[in-house]
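The residues making up each chain are set out below.
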Amino acid sequence: MTAVVVGASSGLGRALAVELARNGHDLLLVASDPRDLAVMAADLRLRYPVQTASLAIDLAGSTNPGARILEALDGLPPLSALLLPVGMSRNDDDGSLSAAGIGQMLAINLHAPIAIAHALLPALLATRGAIVGFGSIAGARGRSRNVVYASAKRGLETYFESLRHGHLPSALRVQFHKLGFLRSNLTFGMKLPLPAAEPEAIARTVVAALERGSFTRYQPRWWGQVALLVRSLPWFVFRRMRD
Amino acid sequence: MSPRRGFALAQLDLRSFDRSCAARCHVQKPDRYRLIEALPADVQRITRGAGVSYVDASFGEDCVVQDIGAFDRLIEFDAEQGLLTVEAGASVGDVTRFALGHGWLLPVVPGHPRASIGGCIAADVHGKNPARDGTFRRHVEAIELFDPVAGWLALDADDEAGRFDACFAGFGIPGLIGSATLRLVRAPAAYAMRSLHVASLVEAGEVLQAHAGAPVLYGWHDARPGHFGRGVVRYGLEAKEAERLGGRSPVDLPKAIAPWPLCAWNRLGIAAMNGWIQHRYAHAGPRHVAVEAALFPLNEARAYYAGFGTAGFVEAQWLVPHARYADFIEALHSAVSRLRPRISLIASKLFDGDPQGLSFDGRGIALAIQMPQPRERRQAAFIEALTTLALEHQARPNLIKDSSLDAASARRGIADFEAAREQLRRFDPGNLQRSGLTARLGL
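None of the values given here were measured: they were computed from a predicted structure. (Residues numbered from 1 in each chain as written. Chains lettered and ligands numbered in written order. Predicted model: local features only at pLDDT ≥ 70, side-chain atom pairs only at ≥ 80, totals over all residues. Heavy atoms only, no water.)

A. Region of the structure containing helix H7 (residues 223-232) of chain A. Residue and element names in this part refer to chain A. Of all the residues in H7, the buried ones are Trp-223, Gly-224, Val-226, Ala-227 and Val-230. Axial view of H7: buried residues confined to an arc of 160°, hence all on one face. Within H7, the exposed residues directed more than 90 degrees away from the buried face are Gln-225, Leu-229 and Ser-232. Turning to H7, the residues buried within the fold contact strand E7 (215-219) and helix H8 (235-238). (Buried < 20%, exposed > 50% of the residue type's maximum accessible area, 1.4 Å probe, protein only. Helix = DSSP H or I, 4+ residues; strand = E, 2+ residues; numbered from the N terminus. Arc of directions from axis to C-beta. Contact = heavy atoms within 4.5 Å.)

Next comes the structure, spelled out in structure tokens:
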């Protein structure tokens, strides 16, 4: 059975691809740069007895990325899981983004995951597969930083809630992981107020949970307490939290 | 220089493995090819692999450190020819495990299993018997290199041969090594390791030469005045069957080892350790040892390195020509008796190659002399005396090991140093590639 990983060339996506291959899943790797993908696919093929294919696609510029992914699945075993650890944040996402910048952020963080999920849904339903989305602690409450990013992630969470509403877990497992800080290229060098998790550890948890029904949960789980606290803060306190 | 998220710069404190060199550095940690290329072409930089070099070869002040640890993947494997292409951030331990799983072996690997393939090329490291297997350059077929100005270049012995050669012991100056194709050899099932006790370093030299064809060959020696040179020469022959393998499945030595608060290698500690070595290798053998365990003996040396404490250590490694070896040993013994330094261990190896560029190669016996607390007055005085002695005996220094070495000594120890330096800088006319090591040695 094949798993599709969108955003497979770095961070959590790369860790998920490795973990899936380690667990014997054939893979279609999707990311923007063919060089990264070619090396990833070759490495996984050499280390694990799995089939790998790759698709280089610019999610910000593609109106129908799902169709391209469906084409690329030709020749691979049936699709069993779609994982969407794809995302993009910007330092200047503070309410001052241009229309083009907003469009790019929404395309990568919201439009592409939804469009890909829509396109692959029939194949996933046919195999009673799993669709896995990734949100962010940034979406817990709107702040003056990561404005569009947090909006998109919260929108994506709502989309996954709709999927769960529409499909019994026996027909389609809909899983949504809301991520706390991750040690990745996005957070490298940043002073973070709470510990960052290793992508490999999160990947192990995500892959181990693939067969375990539908849910929305924080990763690592203790971030749920942090989110609860943040959401519980009175407005006059929360609005003072700028950093 | 302000952090720029486009290529993710952080300020980090980096330290050499011997803890003698440290700097606060701007570090970029790319995980995709476009991020390697994103660093502006006029920015001074140095490539960092695992960061386990004894010296400051992979970091420095006033430059951006490009940490290519994420580029650690296997790219292509020809199981018939034994050709393996890997990204330069791949560790020799990982490559060894993959190769052994397919019946092949990378014959030249340094002791630390986390050393990167790029680092092995940049330092042209030697392995367990350089007299038989040469240095790392002998086992590299091709290199892909990123030049900040020219972009990606494919190098091998036919195409851009000058730059290909310059990559070995080039200390990163010819550019960022992105990937390499390695020439593997068929792996034995195990090594049958034997231990021969020697009473002196001169005897060790004779034993090393008598077993020059062994795939594993090195000596460990006591350096205390009353026991100077006493030790054991270990040599391993290929075993056809992996019968009753000795040696546990090793866990890779960490990249950074937390030092103990105090230095354990005082005179009592050194005496205890040398006694343990004598006891551990009391039996001549043979004892069958897994290939991986034989190649990476440092995996069992975590406590040894932690024991140097926060002040760290220095390893001075000199390759002494055969003709001068006995005289050198006599002079070294005399200096040890006179200055009474604390030397935790001396390691001996046999070399039989032609020195090229700045590589640590030649014909003779190499002695690696490890000393704790190198800044202590008595220790520093001995290190200075050792350098003088070695140069007087026409010994060649190992630039990648010795953080106490200065530019003048390196120039005296390597006859064609200036020509090698000029050759390297031909490929970096803008002086973009620099590290603490290149600055210290005036490369």
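Read on, since the account is not over.
B. Region of interest: the packing of aromatic side chains. Counted according to the given criterion, the structure contains 22 aromatic pairs over all chains. Here B:Tyr33 and B:Trp152 contribute two aromatic rings whose centre-to-centre distance is 5.8 Å and whose plane-to-plane angle is 70°, an arrangement assigned as edge-to-face. Of this pair, B:Tyr33 sits in helix H1 (residues 33-38) while B:Trp152 is found in strand E9 (residues 151-156), placing the two residues 119 residues apart along the sequence. For B:Trp152, a relative accessible area of 25% gives the class partly exposed. Relative to B:Tyr304, the ring of B:Trp265 has its centre 5.6 Å away and its plane inclined at 40°; by these criteria the two rings are tilted. Here the residue B:Trp265 occupies a position in the loop between strand E14 (231-239) and helix H7 (267-280), and B:Tyr304 occupies one in helix H9 (residues 302-306), the gap between them amounting to 39 residues. The pair formed by B:Trp265 and B:Tyr304 is uniform in burial state, with each residue classed as buried. Following the ring pairs from residue to residue traces out a cluster consisting of B:Phe17, B:Tyr54, B:Trp265, B:Tyr304, B:Tyr305, B:Phe308 and B:Phe313. When the ring centre of A:Phe215 is taken as origin, the NZ or CZ atom of A:Arg217, which lies over that ring, is 3.7 Å away. Looking at B:Lys401, its charged tip hangs above the ring of B:Tyr54, at a distance of 5.6 Å from the centre. (Phe/Tyr/Trp six-rings, centres within 6.5 Å; stacked < 30°, edge-to-face > 60°. Lys NZ or Arg CZ within 6 Å of the ring centre and 35° of its normal.)

C. Spotlight on the UniProt feature "domain: FAD-binding PCMH-type" (unreviewed entry) in chain B. Sites flagged by UniProt as "domain: FAD-binding PCMH-type" (unreviewed entry) map to residues 19-187 of chain B. In residues 19-187 of chain B, the share of helix is 20% and the share of strand is 30%. The end C-alpha atoms are 35 Å apart. (UniProt positions renumbered as here; feature names shortened; annotations may be inferred.)

D. Summary view of the pairing of strand E10 (residues 176-183) of chain B. All names here are of chain B. Of all eight residues that make up E10, seven are buried, and the element is covered over most of its length. In terms of strand pairing, strand E6 (residues 83-87) meets E10 through five bridges, oriented antiparallel. Counted as the bridge partner of Leu-84 is Leu-182 from E10. Where strand E8 (residues 140-147) and E10 come together, six bridges link them in antiparallel fashion. Note on E10: the bridge partner recorded for Leu-145 is Ile-177. (Pairing = 2+ DSSP bridges.)

E. Main features of the environment of B:Gly309. Residue and element names in this part refer to chain B. Within the element layout of this structure, Gly-309 appears in the loop between H9 and strand E16 (313-321). Sequence separation of Gly-309 and Tyr-235 is 74 residues, and the distance between their C-alpha atoms is 31 Å. Residues contacting Gly-309, with those up to four places away along its chain left out, are Arg-19, Pro-259, Trp-260, Leu-262 and Cys-263.

F. Examining the nonpolar core more closely. All names here are of chain B. Ranked by internal contacts, the top residues of the largest apolar core, which has 128 residues, are Ile-117 and Ile-143. Counting only domains with at least three residues in this core, you end up with domain 1 (74-186) and domain 2 (190-413). Beyond its immediate sequence surroundings of up to four residues, Ile-117 is in contact with Val-86, Glu-87, Ala-88, Ala-90, Val-92, Val-95, Leu-106, Phe-136, Ala-180 and Leu-182. (Core = buried A, V, L, I, M, F, W, Y, C linked by side-chain atoms within 4.5 Å. Domains from an automatic or database assignment.)

G. Summary view of the sheet that holds strand E19 (residues 396-397) of chain B. All names here are of chain B. The antiparallel open sheet is built from eight strands, whose spatial order is E15-E12-E14-E13-E17-E18-E16-E19. Strands at the two margins of the open sheet, each flanked by one partner only, are strand E15 (287-289) and E19. Against the sheet, helix H6 (residues 201-210) contacts strand E12 (190-198), strand E13 (216-221), E14, strand E17 (345-352) and strand E18 (363-372), and its axis sits at roughly 40° relative to E17. (Axes fitted to C-alpha atoms, helices over the stretch in contact; angles between N-to-C directions.)

H. The arrangement of the sheet that holds strand E3 (residues 45-48) of chain B in detail. All names here are of chain B. Judged by pairing direction, the sheet is mixed, and its four strands sit side by side in the order E1-E2-E4-E3 without closing on themselves. Looking along the sheet, the strands with just one partner apiece sit at the ends: strand E1 (9-15) and E3. Across the sheet, the mean angle from the axis of one strand to that of its neighbour is 40°, orientation sign disregarded. Where strand E2 (residues 22-28) meets strand E4 (residues 64-67), three bridges bridge the pair, whose relative direction is parallel. Residue pairing in the sheet places Gln-28 in a bridge with Gln-66 of E4.

I. Quick look at the pairing of E7(A). Residues and elements named next belong to chain A. Of the pairings in the sheet, the one linking strand E6 (residues 173-179) to E7 comprises five bridges and is parallel in character. Each residue of the ladder has a partner; that of Gln-175, found in E7, is Phe-215. This β-α-β element, E6 to helix H6 (residues 199-208) to E7, shows left-handed connectivity. (Right-handed = clockwise from strand over helix to strand, strands pointing away.)

J. Up close: a positive patch on the surface. Together, B:Arg267, B:Arg340, B:Arg377 and B:Arg378 make up a positively charged patch on the protein surface. Relative to the helices and strands, B:Arg267 resides in helix H7. (Patch = residues over 30% accessible without salt bridge, like charges linked within 9 Å, V, L, I, M, F, W, Y side chains within 5 Å. Areas by Shrake-Rupley, 256 points an atom, 1.4 Å probe, with all protein chains shown as cover. Salt bridge = Lys/Arg side-chain N within 4 Å of Asp/Glu carboxyl O. Lys, Arg positive; Asp, Glu negative; His and termini not counted. Charge placed at Lys NZ, Arg CZ, Asp CG, Glu CD.)

K. Structural context of the side chain of A:His25. Mapped onto the elements of the fold, A:His25 is located in the loop between helix H1 (11-22) and strand E2 (26-31). Setting aside residues up to four positions removed in sequence, A:His25 forms contacts with A:Met1, A:Ala3, A:Leu20, A:Val50, A:Ser80 and A:Leu210.

L. Region of interest: the confidence of the model for chain B. Residue and element names in this part refer to chain B. Residues of chain B with pLDDT of at least 70 account for 96%, and the chain-wide mean is 94. Note that pLDDT drops below 50 for residues 1-5; the model gives that stretch eleven contacts with residues more than four away or on any other chain. Among the prediction metrics, the complex's ipTM stands at 0.92, with pTM recorded as 0.94. (pLDDT = per-residue confidence, 0-100.)

M. Up close: the state of the cysteines. Residues and elements named next belong to chain B. Summed over all chains, the structure comprises zero disulfides over all chains. Considering cysteine sulfurs only, Cys-25 is the nearest to Cys-63, which forms no disulfide, with 6.5 Å between them. No disulfide involves Cys-263; its sulfur sits 17 Å from that of Cys-21, the nearest cysteine. Accessibility expressed as a relative area gives 17% for Cys-263, which makes it buried. (Disulfide = S-S within 2.5 Å.)

N. Local environment of the interface of chain A and chain B. Tallying the contact residues gives 21 residues for chain A and 25 residues for chain B. Summed over both partners, the interface of chain A with chain B buries about 2,100 Å², with 49% contributed by carbon and sulfur atoms. Summed over the three residues of chain A that lose the most area to chain B, namely A:Leu46, A:Asn185 and A:Phe188, the buried surface amounts to 32% of that side. Linking chain A with chain B are three salt bridges. Here B:Asp94 ties to A:Arg47 by a salt bridge, and the two come within 2.8 Å at their closest N and O atoms. For the interface between chain A and chain B, the tally reads seven residue pairs in polar contact (both at pLDDT 80 or more). Contributions of two or more residues to the side of chain A that touches chain B are made by H1 and helix H2 (34-47) of chain A. Considering each element in turn, the side of chain A that touches chain B owes the most residues, eight residues, to H2(A). (Buried area = accessible area lost by both parts, 1.4 Å probe. Polar contact = N/O pair within 3.5 Å; in protein donor to acceptor, adjacent residues only side chain to side chain.)

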